[in-house]
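# Fold and geometry: a report
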Amino acid sequence: MKLIWLSDINGSMVDLAGGKGAGLGEMIKAGERVPDGFCLTVESHRSGEVPEQELIAAYERLGGGRVAVRSSATAEDLPEASFAGQQDTYLNVEGAGDLIDAVRRCWNSLYTERAVAYRAAAGIDDAAMAVVVQRMIDPAVAGVLFTANPITGCRTETVIDAAPGLGTAIVDGTVVPDHHVLGRGMPAVPNPGGCLDTDQLERLRAAGSRLQEHFGSPQDVEWAIDAEGTLWLLQSRPITTLFPQPPDTGDTRLYLEMGHMQGMLRPCTPMGFSLIKVGAAQWFGAVGAKVDPRDPMPRLVPIGGRLYVDLTDFMRNKSMRKQIATSLEIYGPGVQDAVARMIEDSRFAPRPGLPFRLGSVLRGTFRLLPSGIAGTASCLANPALARARAYRGTAEIKRLITPPDESATAAERLRWVAEDSHRAIMSPDMNGVVWPLAAGMISGMLPAALLKGVATNEELDAVLGGMPYNVTTDMDLKLWGLAVRAREHRELFSGTPPEELAARYFAGELPDIGMADFLDRYGMRAAAEIDVGVPHWDEDPAPLFGTIANYLRVDDPASAPDARFRAAAAKAERMIETLTRRARARRPVRGRLAVFFMRRSRQLTGLRELGKFAWLPAIQACRRQLLLAGAELADRGRLARADDIMFLTLDEARAAVRDGSDLLELVATRRAEHERELRRRTVPGALLSDGTDVAALAPPQEVVDGVLAGMSGAAGRATGRARVILDPAGARVEPGEILVAPTTDPGWTPLFMTAAGLVTETGSPVAHGPTVAREYGIPAVICVRDATTEIRTGQLITVDGTAGTVRVEPE
């Protein structure tokens, strides 16, 4: 079928009529007023020839005259990609010759550079083009309406923009529109001198509500009102930029995103989220807390695959609400300001009651406090013994993880994951690992308070440089050692794609540079490593080979990572001596305490990464068992492939083994949602239950003289070319470049070894990225809003980690 009338199309016919054509046909089916027209189908485009006679006959049947000729690609106006403005539309086309020419130009617009780049960014491999031809409307006023606020995400607001005549000026951004934001239940009030009156605003709002209800999601609608006052609907497509809305609880809630504390903004798989709760349930049980075994952490909520915590009950507690904003300083100024703004909101006014079970808190406190005080004091008294205890505990945790053998069934594997996998790690003190970590964190933080007014932040950061006993730093330096061994095979490791090197490694075809020993100790690591659904380095070492190739570019011995680390450590020791003399002279008692804790920090603070490192073997073992169970379900036809199990919860997987449920459709839907969320560039730090990104309510950040403001992550100053990276896999940072990223976790830190500085959009001073940056002695600025879009690769920038600013230098 090469031509079809819009009235014969429905929403399921995207592959024939393209996204726009399918949407228009569905609107007609829903009873909306849409200009009459037809669609030249995808079959015509694929044939390569315009069916001129059929096209002209349909044009004449439409009445001839002026028409709109509109692209309708199969990848257009879809839930995951709008393709707004990426293909061409031609208005006021008249006559058979011009119509045929406009159709050909629409076809050609599928292959423009911008359309090809958009499809690549949206993860769409291919598309075909249909063309919609409609009777031209002569609008007195036209525009767009959004049934949710596209800027803030608020689902209870309708946004309408209007301008006289054709609405193209609004879409093109060449006119200041008559702008309205209509709150749910609020009367529509026209703007003085505006294009729209009250009746028109209400009709538009009602049309938007009908379309949203019909299509099942917030809509971006193009409309026109003619000289007779008739409202025509020209297009309706999903608003593709909205962050997913939190679950409906019937109440206004505030959610705080937790992943950026771990440097993780990518979505977590359903199984990954499920396993986090499994571990939490076992720890709560170990400390005597009473929790619902079905959901031991009800305040931890997956939204868009990210880890959000429901802060509402704490906000509404009279005694806690005043301290909340202050306590969130480590989340960065954006989140802190957003929460402070919501405290003043009447929806979060104080209510009676505690936000937790008092009995559970008291039981946990009584169980942990005595051992915590004794354990921390013991570690401070004898740090060498504390480190030895922490390392023994880590080794013992790994030893105690004993998964089922090869003969186990899928049911037995899943039972082990759910009930036994985390027993070793989730004891009250994590097998003795917790108290050395606590002592190290205390030692790292107290000097700042004791030396306030005596030492600058930059000096205190220097004390933390080149910190020994950090498993992440040790890992990065060992990876550098592999690169040193790879130098005699430089051409091979520098010139071969990382994916090919990984395949050759597994085939036993690479020279031995020590990768097997490295993976034996660190193969459980990766970017987003706390998600059991993510392949780790033991499965996919390609990122490691990419990093080795990056390290092979380092020619200056002084820029070598091990040399930089030693230099940072030497600087730290010199700074401690300097501060010791200054502090004892100015504040004898507090100075001596500060010196004690600075010395202890050099022996204990590096252990801060050990807790997560001790947890990773359990995650690695669970992943292996889950993939084996997934393979069994795939053999039964319940899943398409083994790793589909990562898009189920643990309860769903166990139920599938018991009752044989067909999960193919559910998994396909969740996998598509996950892949769509992987492409999302920004994630709200604070989110209301109506979908509002609270930070978006703040005034836009002013860029003064090319300076972007953020938050200090690691002191120091560096100037270099920016390298904007969204995913560490296969990425490289040339020596002296400044890494600009959305966030960072331990999987990113090998890139730090050649970077001159670090800039991130999110983070916390105590998160992995800034901590490791301080230890390498490189400046870091975190919480720089839209850094990966405001800064481009190759730009010369100056990072001032002390001031918390990034300057784009003029050239």
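Here the structure is shown first, and the text comes after it.
Numbers given to residues run from 1 along each chain, matching the order in which its sequence is written. Reporting in this predicted model follows two pLDDT cut-offs: at least 70 for local features of residues, and 80 or more for side-chain atom pairs to be given and counted; totals over whole chains, interfaces and linings ignore these cut-offs and use all residues. Only hydrogens and water are set aside; all other atoms, that is, all heavy atoms of the structure, feed into the side-chain values.

### With respect to the sheet that holds strand β9 (residues 219-226)
Spatial strand order, β8-β7-β6-β9-β10: five strands in an open sheet with antiparallel pairing. Bordering the open sheet on either side are β8 (178-183) and β10 (231-238), each of which pairs with just one other strand. Each adjacent strand pair in this sheet contributes to an overall mean axis angle of 20°, direction not counted. Strand pairing requires that DSSP identify at least two bridges connecting the strands. Numbering of helices and strands starts at the N terminus; helices are DSSP runs of H or I of at least 4 residues and strands are runs of E of at least 2. In terms of strand pairing, β9 meets β10 through seven bridges, oriented antiparallel. Each residue of the ladder has a partner; that of E222, found in β10, is Q235. For helices, the fitted line uses only the C-alpha atoms of the stretch in contact; every axis is such a line through C-alpha atoms, and the angle between N-to-C directions lies from 0 to 180 degrees.

### What to know about the nonpolar core
The nonpolar side chains of a soluble globular protein tend to be buried with one another. Counting residues in hydrophobic clusters, the biggest one holds 120 residues, and the most contacted among them are L451, F518, I548, L626, I645 and L739. The contact criterion used is simple: two residues touch if any of their non-hydrogen atoms lie within 4.5 Å. The residues contacting I548, other than those within four sequence positions of it, are L479, L482, A483, A486, I513 and M515. What we call a nonpolar core is a set of buried Ala, Val, Leu, Ile, Met, Phe, Trp, Tyr and Cys residues that are connected through their side-chain atoms within 4.5 Å. Three labels apply to residues, based on accessible area from a 1.4 Å probe with only protein chains included: buried if under 20% of the type maximum, exposed if over 50%, partly exposed otherwise in between. Listed in part, the 30 residues of the second largest apolar core include I9, A17, L182 and L196.

### With respect to the pattern of salt bridges
It is possible for side chains bearing opposite charge to pair when their charged atoms get close. We define a salt bridge as a side-chain nitrogen of Lys or Arg found within 4 Å of a carboxyl oxygen belonging to Asp or Glu. Within the structure shown, the criterion is met by 42 salt bridges. For R253, the salt bridge identified is with D310, shortest N-O distance 2.9 Å. Placement of the pair is R253 in the loop between β10 and β11 (254-257) and D310 in strand β13 (residues 306-310), with a sequence separation of 57 residues. Grouping residues by exposure puts R253 and D310 together as buried. Put simply, R671 and D643 hold a salt bridge, and the shortest N to O gap is 3.2 Å. Of this pair, R671 sits in helix α26 (residues 664-678) while D643 is found in the loop between α24 (610-635) and α25 (650-659), placing the two residues 28 residues apart along the sequence.

### So, a nonpolar patch on the surface
Residues enter patches when they are more than 30% accessible in relative terms and free of salt bridges; like-charged ones are connected within 9 Å and nonpolar ones (Val, Leu, Ile, Met, Phe, Trp, Tyr) within 5 Å. Computed with a 1.4 Å probe, the accessible areas rest on the Shrake-Rupley method; for each residue, only the protein chains presented here act as cover. Together, L354, L358, L362 and F366 line one region of the surface with nonpolar side chains, adding up to about 410 Å² of accessible area. Among the structural elements, L354 can be located in the loop between α11 (333-343) and α12 (358-381). Owing to a relative accessible area of 48%, L354 belongs among the partly exposed residues under this scheme.

### Comments concerning the packing of helix α17 (residues 471-486) against helix α22 (residues 561-586)
Taken N-terminus to C-terminus, the directions of α17 and α22 make an angle of 145°; their axes are 9 Å apart at the nearest point. Residues T473, L477 and W480 of α17 form the contact with α22, whose participating residues are P561, D562 and F565. Residues were grouped as follows: Ala, Val, Leu, Ile, Met, Phe, Trp, Tyr, Cys and Pro as nonpolar; Asp, Glu, Lys and Arg as charged; and all remaining residues, including Gly, as polar. A breakdown of the residues in the contact of α17 with α22 according to their chemical character gives four nonpolar, one polar and one charged.

### A short note on the packing of aromatic side chains
Under the pairing criterion, centres of Phe, Tyr and Trp rings, with the six-membered ring standing for Trp, must be within 6.5 Å; the plane angle then separates stacked pairs below 30 degrees from edge-to-face pairs above 60, leaving the rest tilted. Taken as a whole, this structure holds eleven aromatic pairs when the rule is applied. Judged by centre distance (5.6 Å) and plane angle (65°), the rings of W480 and Y551 are edge-to-face. With a gap of 71 residues between them, W480 in helix α17 and Y551 in helix α21 (residues 542-551) connect regions that are remote in the sequence. A relative accessible area of 5% places W480 in the buried class. Judged by relative accessible area, which is 1%, Y551 ranks as buried. One aromatic cluster is present, formed by F493, Y505, F506 and F545 through successive ring pairs. Seen from the ring of Y90, R105 lies directly overhead, with NZ or CZ sitting 4.2 Å from the centre. Seen from the ring of Y469, R387 lies directly overhead, with NZ or CZ sitting 4.0 Å from the centre. Charge over a ring is defined by NZ of Lys or CZ of Arg lying within 6 Å of the ring centre and within 35 degrees of the ring normal.

### Here's the deal with the packing of helix α14 (residues 410-419) against α25
Put simply, α14 and α25 touch, their axes get as near as 10 Å, and they point 155° apart. Considering the angle they form, α14 stands roughly antiparallel to α25. Considering how the two elements wind past one another, α14 and α25 form a crossing that is left-handed. Of the residues in α25, those touching α14 at A410, A411, L414, R415, V417, A418 and E419 are L650, A653, R654 and V657. Each residue belonging to the contact of α14 with α25 can be placed in one class, and the counts come to eight nonpolar, no polar and three charged. Here roughly perpendicular refers to angles of 65 to 115 degrees, roughly parallel to angles under 35, roughly antiparallel to angles over 145, and oblique to all remaining angles. In this scheme the handedness of a crossing depends on how the near helix is turned from the far one: anticlockwise by less than a right angle means left-handed, clockwise means right-handed.

### Here's the deal with the environment of P765
Secondary-structure assignment places P765 in the loop between β19 (757-760) and α27 (768-776). Residues P765 and A224, 541 residues apart in the sequence, show an inter-C-alpha distance of 51 Å. What P765 contacts, discounting residues up to four positions off in sequence, is I330, M711, S712, P770, T771, R774 and I782.

### Concerning the environment of D644
Relative to the helices and strands, D644 resides in the loop between α24 and α25. Between the alpha carbons of D644 and T692 there is a distance of 32 Å; along the sequence they are 48 residues apart. With sequence-adjacent residues up to four places away left out, D644 is seen in contact with L639, V667 and R671. Side-chain atoms alone can form a polar contact between residues adjacent in sequence; in general such a contact is a pair of N or O atoms within 3.5 Å, and within protein one must be able to donate a hydrogen while the other accepts it. Looking at D644, its side chain comes within polar contact range of the side chain of R671, at 2.6 Å.

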